[in-house]
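Residue-level structure breakdown
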Amino acid sequence: TDVDYSYECQSDWVKGPDTKAARTRQVVFTVEPNTLPETRTTLITFCAGTVCKAFTLTQRAAGTEADDWKKDPFRHRSLAMRFTATWCGYCPMMAEAFEILSENLNGNIEVLSLHCSGGLSYDPCNPLAYQYEVDGYPFGIIDGMTQVVNYSNTAYTASYALEAVRFTESNFSTVTSAGWVSSLSGRQVSISLSAYLKEEGTYRITVLAVEDDIHGYQNGGGNDYVHNGVVRHAFSAIEGDEYVAATSNDVAKLTYSGEIPDSCNMDNMRIVVYIQRSMGSKGGLATGNYGGYFIDNSSTSKIGQTHYIDAEKVSGTEDINKGDDINLQ
């Protein structure tokens, strides 16, 4: 819209923010849980002058939406960590190998770049380097349990990393997923997160802010090297916040907030969430047992966007489908 606008809702169980004029704005509504035994609907109408657009919100009966994630399998998304530095001349080779890996998995993997020293250093990543016994750069690890060696043949490095992903999927079922709502005020980020845990046990939940498309120096890559997936801020403890699920099908409700550093480009920032769980007596592919945990699943979305759980048949706990843009001009 390029004019002042307003909206009205027929029901008091849906709450929205104050409106203001803006070229483009995402309006997020808060929907209270349905305690009724039947489906309920409401109408929300946007108006600007004499132009009005309406949409209908439908919420299922109490108890029906809560069980979908328990019955349907979660979609698995691996996570690769690359410990690196701008002064490391061999590090671009592993970055290229992980790009090949991501292409082979159709992007179904999160790649984090952890700079524990150098021009993009983030000091809090050092406990992770200690946990994974990082003894030189670059150091790669898949799902927190399989180390990847940096070979001069990047295709070979990528193929080994792909084998590590397949090892995770073959030996561990995916029992976790996460959904969240994030909001932004200046550089301050607030996150309301739900972690869905199908099995009882002890978990670690890590919430990070990462930045893509950073152009700068990289030894072995030149002065205009593009850095992606760079960890810039940890909302949780960098090793993850511990949560104990006393029963199966538990939901951890967590809130986080933090300020993104001034050096970051907010347009290129994402939230990354990954959940660790005990690997028991198993270890990674030809590696040791790094503290007894491996990364079960990972998710990402732009700051300010809502992320729904990744399941095979459902997206979150409501029937949510993207509708048409509402243009009020």
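To start, this report covers the structure provided alongside it. The shown structure was predicted, so the numbers you read here are calculated from the model rather than taken from an experiment. (Residues numbered from 1 in each chain as written. Predicted model: local features only at pLDDT ≥ 70, side-chain atom pairs only at ≥ 80, totals over all residues. Heavy atoms only, no water.)

As for the layout of surface pockets
- Taken as a whole, the second largest pocket spans an internal volume of roughly 450 Å³.
- Around the second largest pocket, the lining is made up of 15 residues, and of these Gln26, Ser182, Ser183, Leu184 and Gly304 lie nearest the centre.
- The greatest single-element share of the lining of the second largest pocket, amounting to 3 residues, is contributed by strand S10 (residues 176-185).
- Taken together, the residues of the lining of the second largest pocket sort by class into 7 nonpolar, 5 polar and 3 charged. (1 Å grid on protein atoms, 1.4 Å probe; cavity = no way out; pocket = protein on both sides within 12 Å on 5 of 7 lines; lining within 4 Å. Points joined across faces, edges and corners; volume = space filled by probe spheres on them. Helix = DSSP H or I, 4+ residues; strand = E, 2+ residues; numbered from the N terminus. Nonpolar A, V, L, I, M, F, W, Y, C, P; charged D, E, K, R; others polar.)

Focus: the sheet that holds strand S1 (residues 6-9)
- Ordered in space as S1-S4-S5, the 3 strands form an open sheet in which the pairing is antiparallel. At either margin of the open sheet sits one strand with a lone partner, and together these are S1 and strand S5 (51-59). Adjacent strand axes in the sheet meet at a mean angle of 20°, parallel and antiparallel pairs treated alike.
- In terms of strand pairing, strand S4 (residues 40-48) meets S5 through 9 bridges, oriented antiparallel. Residue pairing across strands places Ala48 opposite Val51, the latter belonging to S5. (Pairing = 2+ DSSP bridges. Axes fitted to C-alpha atoms, helices over the stretch in contact; angles between N-to-C directions.)

Some points on the packing of aromatic side chains
- According to the stated counting rule, one finds 11 aromatic pairs in the structure shown.
- Each ring, one from Phe29 and one from Phe55, has its centre 6.3 Å from the other, and the planes form 70°; the classification is edge-to-face. Taken together, the residues span a long stretch of sequence, with Phe29 in the loop between strand S2 (14-15) and strand S3 (30-31) and Phe55 in strand S5 at a distance of 26 residues.
- Residue classification places Phe55 among the partly exposed residues on the basis of a relative accessible area of 30%.
- Centroid distance Phe83 to Phe139: 6.1 Å. Interplanar angle 75°. Geometry classified as edge-to-face. (Phe/Tyr/Trp six-rings, centres within 6.5 Å; stacked < 30°, edge-to-face > 60°. Buried < 20%, exposed > 50% of the residue type's maximum accessible area, 1.4 Å probe, protein only.)

Quick look at the packing of helix H2 (residues 91-104) against helix H4 (residues 154-171)
- Two elements in contact, H2 and H4, have axes separated by 8 Å at closest approach and are oriented at 55°. Here H2 is positioned oblique relative to H4, judged by the angle of their axes. Handedness of the crossing formed by H2 with H4: right-handed. Contact residues: Met93, Glu96, Ala97, Phe98, Ile100 and Leu101 in H2; Thr154, Ala155, Thr157, Ala158, Ala161 and Leu162 in H4.
- Taken together, the residues of the contact of H2 with H4 sort by class into 9 nonpolar, 2 polar and 1 charged. (Parallel < 35°, antiparallel > 145°, perpendicular 65-115°, else oblique. Left-handed = near helix turned anticlockwise from the far one by under 90°. Contact = heavy atoms within 4.5 Å.)

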